[in-house]
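So you can see what is in the structure, the chains are spelled out below.
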Amino acid sequence: MSLGTQRQFAAALTDPAVPVPQGLTAWNGPQPQRRFAVYRNNVVSGLTGAIASRFPAAETIVGEAFFSAMAAEFVRLHPPHSPLLLTYGDDFADFTERFEPARSIAYLPDVIRLEAARGKAYHAADAAPLDPAVLAVLSPERLADVVFVPHPSLSVLRSPHPIVTIWAMNAGEAELRPIEAWVSEDAIVVRPHMTVEVRRLPPGGAAFLQALAEGKRLAAAVDIASEDASAFDLSANLAGALQTGAFVAIR
Amino acid sequence: MKNSIATLALAGSLASALATIAAPSAFAAENTEKCYGVAMKGQNDCAAGKHDCAGKSTMDFDKGSFKLVPAGTCTSMKTPEGHGMLMPA
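Keep in mind it's a predicted model, so treat the numbers as computed, not measured.

Colleague: How do you make sense of the overall build of chain A when you look at a structure like this?
Modeller: In terms of helices and strands, chain A carries 12 helices and 5 strands. Over its C-alpha trace chain A gives a radius of gyration of 23 Å, far above what one expects of a compact globule, namely 18 Å for 251 residues. Referenced to the eigenvectors of the C-alpha coordinate spread, the extents of chain A come out at roughly 80 × 45 × 30 Å. Going through the 251 residues of chain A one by one, you find that 45% of them count as buried. Within chain A, contacts between residues at least 6 apart in sequence are counted, and of these 65% link residues at least 24 apart.

Shown next as structure tokens:
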């Protein structure tokens, strides 16, 4: 098959408006259109299924019918660039942000980002979390200059919506009920051992963890976090970071 | 912050962070906790092993059934059978 035919074949797979490539033959007749339609349908439903399995909470929120229509549109506009389906859908959140029918669900893209971070954490390399004893033996003078090495699975997300609560309720982690306090929520997603953990962050926590993950020194990260939120509690956030296994080593 | 003050503040925070590592985290998964021994019969959210689930508890204040309550409020709840517990009994 020539490169031109391959391109035409691939384009026709995800776009029904593109005609069936020239020169195709089918076992049951001279008209390969029907056989090609079966193949086209299998490709789209396979990729739609891959998206649905990566974003189950989003599917619960909008319902199966809406989700599969939205995912099929995504598949059509953003066919995979890699044979590895585990990364397919990394840009699904950005797509839903611009997807007109989903505009009324303002929190949906951030919930999808949270689920994408969970998938990333699931497939990230294994690494043992930092042993708190390593910090305990540091001299106080050294402390301000300590740089933390983030866990390979770590993601920190910030949202103006209560994404952790919404995610937990739609992932079966929390009871479904009205959300009384519609507040912004920041999340940490990390897989210190076998299970992906999702936690809500206290004020300034996201700024603190992001700064540390970028390689800022501890003192600088504390300044950034205090500026972000005056209620930033250093000792609670340090304890949280150590408990969740957000970091693997110090430098 | 002056450097010496900053160093002291960091060291102090680290010391208290290390001391609280075993305690419940400030990074919460939930804003509720499972509170055992406070649910009236039929009002439980779920349970550990004794019966199928929500609403199936047959005993008032059953220590094996829990009710989801706002985090941090469980052990301060008083029932005629004693305080709420974070673990089933």
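Colleague: Explain the overall build of chain B to me, please; I cannot follow it from the model alone.
Modeller: Across its full length, chain B holds 1 helix and 5 strands. Secondary structure elements of chain B, listed N to C terminal, follow the sequence α-β-β-β-β-β. Looking at the 89 residues of chain B, the share that counts as buried comes to 33%. Contacts in chain B between residues far apart in sequence, at least 24 positions, make up 50% of those at least 6 positions apart. Of the roughly 5100 Å² of accessible surface on chain B, 61% is carried by carbon and sulfur atoms.

Colleague: Would you explain the packing of helix α10 (residues 205-213) of chain A against helix α11 (residues 218-228) of chain A in this entry?
Modeller: Packed helices, taken two at a time, are described by their axes: the angle between them and the distance between them. Residues and elements named next belong to chain A. As a packed pair, α10 and α11 sit with axes 8 Å apart at the nearest point and diverge in direction by 150 degrees. In terms of orientation, α10 lies roughly antiparallel with respect to α11. For the pair α10 and α11, the sense of crossing is right-handed. Contacts from A207, F208, A211 and L212 in α10 reach L218, A221, V222, I224, A225 and D228 in α11. Partitioning the contact of α10 with α11 into residue classes produces 9 nonpolar, no polar and 1 charged.

Colleague: What am I meant to see in the sheet that holds strand β4 (residues 197-200) of chain A here?
Modeller: In a beta sheet, neighbouring strands are held together by backbone hydrogen bonds and run either parallel or antiparallel to one another. All names here are of chain A. As summarised here, the arrangement of the 3 strands in space is β2-β3-β4, forming an open sheet in which the pairing is antiparallel. The two strands at the open ends of the sheet, each matched to only one other strand, are β2 (155-159) and β4. Averaged over all pairs of adjacent strands, the angle between their axes in this sheet comes to 20 degrees, without regard to strand direction. Across 5 bridges, β2 lies against strand β3 (residues 185-190) in antiparallel orientation. Paired with V156 across the strands is I188, a residue of β3.

Colleague: What is the right way to read the interface of chain B and chain A from this model?
Modeller: By a frequent convention, interface size equals the accessible area lost on bringing the separate parts together. At the interface, 24 residues of chain B touch 35 residues of chain A. Roughly 2200 Å² of surface becomes buried between chain B and chain A when both sides are summed, with 68% attributable to carbon and sulfur atoms. Looking only at chain B, the three residues that lose the most surface to chain A are L10(B), L14(B) and F27(B), adding up to 33% of its buried area. Inspection of the chain B/chain A interface yields 0 salt bridges. Here chain B and chain A share 2 residue pairs in polar contact (both at pLDDT 80 or more) between them. Tallying contributions element by element places helix α1 (residues 3-19) of chain B first for the side of chain B that touches chain A, with 8 residues. Among the residues forming the side of chain B that touches chain A, the class breakdown is 15 nonpolar, 7 polar and 2 charged.

Colleague: Please explain helix α6 (residues 108-123) of chain A as it appears in this structure.
Modeller: Note: α-helices contain 3.6 residues per turn, so residues at a spacing of three or four share the same orientation. Here α6(A) contains 16 residues, and its C-alpha end-to-end distance of 23 Å stays within 8% of the 22 Å for a straight helix at 1.5 Å per residue. For α6(A), the set of buried residues is L108(A), P109(A), D110(A), V111(A), I112(A), L114(A), E115(A), A116(A), A117(A), G119(A) and A121(A).

Colleague: Would you mind showing me how to read the environment of E141(A) here?
Modeller: Assignment of secondary structure puts E141(A) in helix α8 (residues 140-143). Separated by 103 residues in sequence, E141(A) and T244(A) place their C-alpha atoms 26 Å apart.

Colleague: Mind showing me how you'd approach the confidence of the model for chain B here?
Modeller: Caution applies to low-pLDDT parts of the model: their predicted coordinates are not meant to be read in detail. Residue and element names in this part refer to chain B. On average, chain B scores 64 in pLDDT, and the residues at 70 or more come to 26%. Model confidence for chain B, summarised as mean pLDDT per element, is weakest for strand β2 (residues 46-47) at 52 and strongest for α1 at 82. What the predictor reports for the complex is a pTM of 0.78 with an ipTM of 0.73.

Colleague: How should I be thinking about the packing of α10(A) against helix α12 (residues 234-244) of chain A in this particular structure?
Modeller: Residues and elements named next belong to chain A. Axis separation between α10 and α12 bottoms out at 11 Å; the angle between their running directions is 60 degrees. Viewed along their axes, α10 and α12 adopt a mutual orientation that is oblique. The element α10 and its partner α12 pack so that their crossing is right-handed. Along its contact with α10, which presents G205, F208 and L209, the element α12 presents L234, N237, L238 and A241. The residue makeup of the contact of α10 with α12, split by class, is 5 nonpolar, 2 polar and no charged.

Colleague: Just to check I follow, could you spell out the nonpolar core for this structure?
Modeller: Note on soluble globular proteins: their nonpolar side chains tend to be buried together. The biggest cluster of nonpolar side chains holds 35 residues, and the ones touching the most others in it are L135(A), F148(A), I188(A), F208(A), L209(A), L218(A) and L10(B). Those elements that provide at least two residues to this core are β3, α10, α11, α12 and β5 (247-250) of chain A together with α1 of chain B. Not counting residues within four places of it along the chain, the set of residues in contact with L209(A) comprises V156(A), I188(A), L201(A), A241(A), F247(A) and F27(B). Membership of the second largest hydrophobic core comes to 21 residues, among which are M70(A), A71(A), F92(A) and A93(A).

Cut-offs applied
Residues numbered from 1 in each chain as written. Chains lettered and ligands numbered in written order. Predicted model: local features only at pLDDT ≥ 70, side-chain atom pairs only at ≥ 80, totals over all residues. Heavy atoms only, no water. Helix = DSSP H or I, 4+ residues; strand = E, 2+ residues; numbered from the N terminus. Rg over C-alpha atoms; globule rule 2.2 N^0.38 Å. Buried < 20%, exposed > 50% of the residue type's maximum accessible area, 1.4 Å probe, protein only. Contact = heavy atoms within 4.5 Å. Areas by Shrake-Rupley, 256 points an atom, 1.4 Å probe, with all protein chains shown as cover. Axes fitted to C-alpha atoms, helices over the stretch in contact; angles between N-to-C directions. Parallel < 35°, antiparallel > 145°, perpendicular 65-115°, else oblique. Left-handed = near helix turned anticlockwise from the far one by under 90°. Nonpolar A, V, L, I, M, F, W, Y, C, P; charged D, E, K, R; others polar. Pairing = 2+ DSSP bridges. Buried area = accessible area lost by both parts, 1.4 Å probe. Salt bridge = Lys/Arg side-chain N within 4 Å of Asp/Glu carboxyl O. Polar contact = N/O pair within 3.5 Å; in protein donor to acceptor, adjacent residues only side chain to side chain. Expected span 1.5 Å × (residues − 1). pLDDT = per-residue confidence, 0-100. Core = buried A, V, L, I, M, F, W, Y, C linked by side-chain atoms within 4.5 Å.

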